[in-house]
Every structure is written in structure tokens, then in C-alpha cells.
Amino acid sequence: MSAVMEAPAVAVDERKPEETEKLVIILSSGDLDKVWAALIIANAGAAMGKETSIFFTFWGFSALVKNEVRITGENWMQKMMAFMNRPGDEHMKLSKMNFAGMGPMMLGQIAREHHAALPHELMESAKELGVRLLPCQMSMDLFGIKAEDLIEGVDAPVGATTMLALAQGATTFFI
Amino acid sequence: MSAVMEAPAVAVDERKPEETEKLVIILSSGDLDKVWAALIIANAGAAMGKETSIFFTFWGFSALVKNEVRITGENWMQKMMAFMNRPGDEHMKLSKMNFAGMGPMMLGQIAREHHAALPHELMESAKELGVRLLPCQMSMDLFGIKAEDLIEGVDAPVGATTMLALAQGATTFFI
Amino acid sequence: MSAVMEAPAVAVDERKPEETEKLVIILSSGDLDKVWAALIIANAGAAMGKETSIFFTFWGFSALVKNEVRITGENWMQKMMAFMNRPGDEHMKLSKMNFAGMGPMMLGQIAREHHAALPHELMESAKELGVRLLPCQMSMDLFGIKAEDLIEGVDAPVGATTMLALAQGATTFFI
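Q: What should I look at first to understand the overall build of chain A in this one?
A: Looking only at helices and strands, one finds 7 helices and 4 strands in chain A. Within chain A, buried positions represent 60% of all 175 residues. For chain A, the proportion of contacts with a sequence separation of at least 24, taken over those separated by at least 6, is 73%. About 6800 Å² of surface is accessible on chain A, with carbon and sulfur atoms providing 54% of the total.

Q: How should the pairing of strand 4 (residues 171–174) of chain C be read in this particular structure?
A: Along a regular strand, successive side chains alternate from one face of the sheet to the other. Residues and elements named next belong to chain C. Where burial is concerned, the two faces of strand 4 agree: the one with T171 and F173 and the one with T172 and F174 are both buried. Both strand 1 (residues 22–27) and strand 4 contribute to a ladder of 4 bridges, which runs parallel. Its bridge partner lying in strand 4, V24 is registered against T172.

Q: Help me out: how do you make sense of the pattern of salt bridges in this one?
A: Close approach of charged atoms allows side chains of opposite charge to pair. Residues and elements named next belong to chain A. Taken as a whole and assessed by the stated rule, the structure comprises 9 salt bridges over all chains. Put simply, R132 and D155 hold a salt bridge, and the shortest N to O gap is 3.6 Å. Pair noted here: R132 is in strand 3 (residues 132–135) and D155 is in the loop between helix 6 (137–143) and helix 7 (160–167), with a separation of 23 residues, a long-range link. Taking the relative accessible area as the measure of exposure, R132 reaches 24% and is therefore partly exposed.

Q: I would appreciate a short explanation of the sheet that holds strand 3 (residues 132–135) of chain B in the present structure.
A: Whenever strands of a sheet pair, they do so through backbone hydrogen bonds, lying parallel or antiparallel. Residue and element names in this part refer to chain B. Here we have 4 strands laid out as an open sheet, ordered 3-2-1-4, and parallel in their pairing. The sheet terminates laterally at strand 3 and strand 4 (171–174), the two strands that pair on one side only. For this sheet the average axis-to-axis angle between neighbouring strands, irrespective of direction, equals 15°. Packed onto the sheet, helix 7 (residues 160–167) meets strand 1 (22–27), strand 2 (51–56), strand 3 and strand 4 and runs at close to 145° relative to strand 1.

Calculation criteria
In this convention, every chain numbers its residues from 1, walking through the sequence in written order. Chain letters and ligand numbers both follow the written order, the letters beginning at A and the numbers at 1. In keeping with the predicted nature of the model, local features appear solely for residues at pLDDT of at least 70, side-chain atom pairs appear and are counted solely at 80 or more, and the whole-chain, interface and lining totals rest on all residues. To obtain the side-chain values, all non-hydrogen atoms of the structure were used and water was disregarded. Only DSSP runs of H or I with at least four residues qualify as helices, and only runs of E with at least two residues qualify as strands; both kinds are numbered from the N terminus onward. Burial status follows relative accessibility: with a 1.4 Å probe on protein chains alone, a residue under 20% of its type maximum counts as buried, one over 50% as exposed, and anything between as partly exposed. The contact criterion used throughout is that any non-hydrogen atoms of two residues lie within 4.5 Å. Accessibility throughout is a Shrake-Rupley quantity obtained with a 1.4 Å probe, and a residue counts as covered only by protein chains that appear here. Paired strands are those between which DSSP finds at least two bridges. Any Lys or Arg side-chain nitrogen located within 4 Å of an Asp or Glu carboxyl oxygen qualifies as a salt bridge. Working convention: axes come from line fits to C-alpha atoms, limited for helices to the stretch in contact. Angles between N-to-C directions cover 0 to 180 degrees.

This is the structure we're talking about:
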């Protein structure tokens, strides 16, 4: 329960809620469409000047893992779970109509034709706009993920208490 | 990124948060049970006097498409995605226990016996109660959906920025 | 529509939002990982002193049903739905990588090794921390669930209006 009980590790803004608009997204899904939605909303919020954070947990954590990392984990169970669900944003599946990868390919193609940003582009612009990418400490522990497995620009891992402290007075979404 | 960066198109209430209670639901799922939940919550909120909006995006967008529209889209990829996932509230599947349509049939039958409102009834009462039905502009673009494909009583399409402006100070759910 | 239109049954806190921090989680999923996430967040919120409630609805309702209850419901359709989706927290499946129960077994094993609390432990600590477990009245009606099917320590059933009254000014998540 250490992840639940820790003191908030992130400096929480002391100003009144009216003065700082905040946006906190919990991303627990690793489906391409859900990750995409989370990143679009986070980019829009940050562009509007909101103090924006994404807390990556459970399957959503895979969006923070480098594409070239094939297997994460320290023991055979963690390695097997990673093997069955390859992390990284190039390996995500749609929650509906995946068709062995054809759905994501088609949606990516349509997005390019409409000049809509793709997930990896949105992750880059999110970082540039100052969106905080917060890895869930418990997910790192459970899946045996190490700091070197993560993409560049990620914050230090935090627990649910820190996330909830940030979420106080914020617009919140669980995706 | 036009959908992300546009200026808010909806007139945002200027009163303080204490004076207007707001409810904003992002509906990204097209599953019958999720659409049902969104509509029940929206109807309850509007009946309580809350300024209530539903932002229909990704698979949730299909709840705004007329039942008689079989195929949407302008190119073969958009048409194929619509063919595999027929839009309209009469064609929704449950996220669990769909059983080739038997689950929705049984749940509909049980709902009728208990005088619980069905999704299409809740959509009608939502409109009567003044719930704003906001189509996601990017979803319309990506899936090639045209204004004439949509049911009556839908607002003009908006982007994530407008949705987030409405969500400021509101009770928010991502469904 | 009685579940939608009822007057709030729960005494709503009259203090200003600044004085009481609130957390309201709607749990509509019965997947093990989603129930787990809801309970971790609720425990963290309650431990931080937030007035915390979980509203159990649709498939999420099964987390409130005793493990020894095999079949719930009053008519054959309700019984058949319960038969296909056995309620109780010992019978939950993962939303991804269930592998006929091997996924939950492995994740449970990993959690034990890392001293992370399991769902049934988190349900017990939630009750001790004063988290309100609110059954959705409409879900009880639709699935034919009786008061004696429920675990100990559950509040009286409420509708969407009561849930939304609690959610006013709260941090909210739909899981």
C-alpha cells in the first residue's frame, strides 16, 4: 500500500482554485483510441494554459515505454505479461475493429490525410507544452518496469495520493 | 490539429462556478451500456437544473448518427470502418455479454418491464431537457460523417478546446 | 425513470466546496483491473481525508455481490445474465490478457510479492476508512438483485440524482 499512502511528492499549487485552471487525466487504457483521446485532450488543455498532467497506470503505462523495448519485467510472470502485450505507442491496438492491425493503419492513414496529429506527435507536443507525464509507481512495481525502459521527458513516478492532490479542483477524466 | 487549437465556439457562461452547476460528459464509447449510462446521467443532471452537455467522440459518435444511415464516409477506408461498425442507437452492442444481439434484447426487455427508459427515449428526453449534444469536429472529419447523417437536434460540431472550456468548473465524466 | 428523478436521499454536505474535499467514483466496469483501480483511488482519497463515495452500477455492481451468491435475479433473463457473468470479486476477469483466469492469478501473485493490496483487502480498508459504497438502484432493479445478495457494509441504494448531488464540487471519475 506504499503507493497509496505516500505523502504528495509533487509541489501542489498553493493558489486558490479560481486562479489556476488544472486538468488531470488518469490513463489506464493502452488502447490506441483511448491513448489518442487522452493526448488530444491534454494538448488542448495545455494550449489553453491549464496546468495539465497525465497519470499513466495499468495498461495505459505502455504509452510511456520506449518502442524498442520488447520485454519489460524482472521475473517470468512480468516478462510474460509484457510479451503478450508489447508496450510502446507503435504497438497499440484499437479497442474496436483492430483487424490484426489494419484498423490502426487505416485510422492513421485517414488522420494523415486530414492533417490530424498522430499519438507520437501528440506526445511530443504535449511535452513541449509542459504537460506532466506522471508514471504510476505501483504499475512500475507490478510490471517490473525500470526507469531506463521509459521514454525521455517523463516525470518521477508518483502514487495515487500525489495524483489526487493534483486533481483537487481540476477538471478530471479517467480514460 | 485544427480541432485542438480552435477558439471556443460555444458561449461560455460568465457567472462564477458557484452560481451555475455544470455537467460535461465525454462519450467516446459506442457500447450500448456506456451510451445508456451517459444518457441516464445527462438526463438526471439536466432535470436537476445543471447546464448539461455531452461531447460525442470516437465510437461514441455513432449515437448521433441516424439509424437509417447504413454507410458513412467519403472514401473506401471510412466506408469500410462504418460497414464493420454500423452506427445508430438501434445497432449498438453491449461491452459484455452481447451474445450476437441477445444481450441487448434481454436488457431492453427487462428495462421495459421495470419502466426504465431506453436509450432512444433518453436521447429524446435529453433534448427536451436542454442537454447540448456536441459532435466532435475531429471525429466527423476522420470518419467522413456529413451533417445530413446526424439525428435532429444536434449542436454545431466543436473541438476539444470548446469542450474543455465548458468543462471548467463542471462535474466531468469520460465514458 | 424513477431512478433518475428521485430526490437526493443522501444528506448533502452544506459547507462550501473549499471546506470539504470530495471524491466520487462511478464504477460501471466489472473488470478486475478497473475495480482494482477504483478501490486504490478511493482508499487513497479517504486516507487523505476526502469524503469518498463509490457508486456501483451496471457490470461494476458485481463487486458488491457476495462471492458465494452464484445466481442473482428473479426471472429467467436476469438469472441467465448472472449465470454468464458470475458476480463477486473472486470471479472478476481482466479487461486485457485474462487467459482463462491465468492473468488475474499472475497479477495477484505479483501484487502479493510487492505487498500491494488485493481488491478484497482494499474493499475492507475502504469500509474502515469510511468510503461510502452506494449501490445503483436501477442496476438492482434491472438485474433483480436483492439486499441479501450484497456484501456487508453497503449503503442504501441510490439513483443518479443522489450520485450527482454528491458529485457537485467533487473530484469525479467514471471507471
